[in-house]
Amino acid sequence: MTLIRSEIVGFGHCLPQKVLTNDDLSHMVDTNDEWIRTRTGICTRHISEGETTSDISFKAAQMALKSASMTAQDLDMIIVATVTPDNTTPTVAAKLSKRLEAKYGAICMDISAACSGFVYALTVVDNMIRLGQIKTALVIGAETLSNIVDWTDRNTCVLFGDGAGAAIVRATQGNGTAEDTGILATKLYADGSHYDNLIINGGVSTTRTAGYVTMDGKEVFKFAVNALSQAAETVMEMAGVSSKDVDFVIPHQANIRIIEGVGKKLNLPEEKVIVTVDHHGNTSAASIPLALSENYHAGRLKKGDLVVLTAMGAGFTWGGALVRI
Ligand code: ACO
C-alpha cells in the first residue's frame with residue numbers, strides 16, 4: 001500500500017548570543033547555583049538582547065532551508081509556534097514570509113499551544129500534507145520568554161530561556177509500516193480545567209499588557225510526567241512499536257526531574273533520552289525543535305533513527321509525535 005507521509009528534511013536553530021548563568025541569577029534574586037541545578041538541572045540559558053522572536057526564527061529558518069537544500073520559494077506554508085510574537089497581529093509567520101521572500105500565496109499561521117506548540121504545529125502540517133493541501137512547510141518553535149519573565153520572581157525567572165528551532169517538512173511516499181521515513185503517528189490532547197495552573201497573567205482583552213509567567217510548580221510537575229509519558233506511549237502504540245524500537249525520546253525540556261521521570265516511565269535507558277535543558281533552560285515551543293536541530297547537526301541524531309517527541313504546556317495542552325528521521 002502506498003500512502004502520503006510527511007518527512008523532516010531539514011533542521012535549523014538559533015540561540016541568542018548572551019548566556020545567563022545561575023551565578024548571574026544569584027546577583028538578581030535570592031537564589032544560588034546549587035538550588036537551581038538540583039531542582040531543575042539548568043546551568044545556563046540564552047537571553048535575547050533586543051532580538052525579536054522573528055529575528056531568531058529567521059536565522060533558524062535559513063539554517064533549516066540550507067540543510068534541506070531548499071529556498072523559501074519551495075514553501076507552501078510557514079507555521080510558527082510561539083507565545084511571544086513580535087506583534088499581536090500579524091503573525092510571526094507572516095513576518096518570516098516577508099523576510100524570507102516566500103512565494104505568493106504560501107500559507108502563514110502562528111499557533112498558540114505554549115510548550116506543546118511545536119508538536120501541535122507539526123501535527124497540523126502532517127495532516128495538511130497527508131490531505132494533499134500542501135507539499136512543503138517550514139515549522140518553527142520560537143520564543144523570547146525573557147520578555148514575559150518577572151526578573152524579580154525567583155520561583156520562575158530561573159527556569160526559562162530564549163531560542164528558536166526550525167524544521168522543513170515535505171510530502172513523501174510511504175508503505176504504511178513503521179519502517180517508513182517521516183511522521184508515523186501524532187496525538188494531541190488538552191484539558192482546559194487546568195487553565196489557571198500555568199498562565200501568562202496578562203493579555204489584550206484583559207490587562208492590555210503581555211503579563212508574566214506564573215504557575216503552580218508542583219501541580220505542573222505532577223501532571224507533566226504522566227502527560228508526557230501518555231503521549232509518548234500512545235504514538236508508539238499507534239505505529240505498532242515499543243520503547244525497545246525507539247532510538248531517542250525528546251521530551252519537552254522543562255526540568256531534568258520531569259525528563260528523568262518520563263525516561264523511567266517509558267523504560268528507556270538514559271542514553272536514549274535527549275537532554276538540552278541544562279544549557280537551554282525551558283524555551284517553551286522552541287525546546288523540541290532546538291533539541292532536534294542541535295542533535296542532528298552534532299551527528300547524534302541520524303537518518304533512519306526512530307524518535308519520539310513529547311510535549312506538555314499551558315492549557316494544559318500535551319501531545320506526541322513518532323518520527324523516523
Ligand atoms: N532559588 C532558591 N529557592 C527557591 C527558588 C530559587 N530560584 N525558587 C523557589 N525557591 C524556594 C521556594 O520559595 C520554597 O521556599 P519555602 O519552602 O521557604 O517556601 C522552596 O524553594 C521550595 O520550593 P518548592 O516549590 O517546594 O520546590 P520544588 O522542589 O517543587 O521545585 C520547581 C520548584 C523547580 C519549580 C518545581 O516545582 C518544578 O519543576 N515544577 C515544574 C514546573 C516547570 O518546570 N514549569 C516550567 C513551565 S511548565 C512546562 O514547561 C510544562
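Preceding this paragraph is the structure being described.
We now turn to the structure provided with this report. Please read all numbers here as calculations on a predicted model, not as lab measurements.

**Description of the site of the ligand**
- If you check the shell around the ligand, you find 22 residues, and the closest are Thr31, Lys218, His252, Asn255 and Asn282.
- Thr31 is positioned such that a nitrogen or oxygen atom in its side chain is 2.6 Å from a nitrogen atom of the ligand.
- The side chain of Trp35 places a nitrogen or oxygen atom 3.4 Å from an oxygen atom of the ligand.
- Burial of the ligand by the protein chains amounts to 75% of its free accessible area of 1,000 Å².
- A per-element tally of the shell around the ligand places helix α7 (residues 217–239) first, with four residues.
- Classifying every residue of the shell around the ligand by side-chain character gives ten nonpolar, seven polar and five charged.

**Details of the pattern of salt bridges**
- Within this structure, the stated rule accounts for ten salt bridges.
- Asp76 serves as the salt-bridge partner of Lys103, at 2.8 Å between the closest nitrogen and oxygen. Of the two residues, Lys103 is situated in the loop between α4 (92–100) and β5 (107–111) and Asp76 in the loop between α3 (53–67) and β4 (77–81); the sequence distance between them amounts to 27 residues.

**Observations concerning the layout of surface pockets**
- The computed volume of the second largest pocket comes to approximately 160 Å³.
- Every residue along the wall of the second largest pocket is listed here: Ile256, Ile259, Glu260, Gly263, Lys264, Leu268, Pro269, Glu270, Val273 and Val275.
- Among the residues forming the lining of the second largest pocket, the class breakdown is six nonpolar, one polar and three charged.

**Focus on α4**
- Taken together, the buried positions of α4 are occupied by Val92, Ala93, Leu96, Ser97 and Leu100. What you see down the axis of α4 is that its buried residues fit within an arc of 145 degrees, all on one side.
- Of the surrounding secondary structure, the elements contacted by the buried residues of α4 are α3, β4, β5 and β6 (136–144).
- Glu101, located one to two residues past α4, shows a positive phi value of around 60 degrees.

Conventions we followed
- Residues numbered from 1 in each chain as written.
- Predicted model: local features only at pLDDT ≥ 70, side-chain atom pairs only at ≥ 80, totals over all residues.
- Heavy atoms only, no water.
- Near = heavy atom within 4 Å.
- Polar contact = N/O pair within 3.5 Å; in protein donor to acceptor, adjacent residues only side chain to side chain.
- Areas by Shrake-Rupley, 256 points an atom, 1.4 Å probe, with all protein chains shown as cover.
- Helix = DSSP H or I, 4+ residues; strand = E, 2+ residues; numbered from the N terminus.
- Nonpolar A, V, L, I, M, F, W, Y, C, P; charged D, E, K, R; others polar.
- Salt bridge = Lys/Arg side-chain N within 4 Å of Asp/Glu carboxyl O.
- 1 Å grid on protein atoms, 1.4 Å probe; cavity = no way out; pocket = protein on both sides within 12 Å on 5 of 7 lines; lining within 4 Å.
- Points joined across faces, edges and corners; volume = space filled by probe spheres on them.
- Buried < 20%, exposed > 50% of the residue type's maximum accessible area, 1.4 Å probe, protein only.
- Arc of directions from axis to C-beta.
- Contact = heavy atoms within 4.5 Å.

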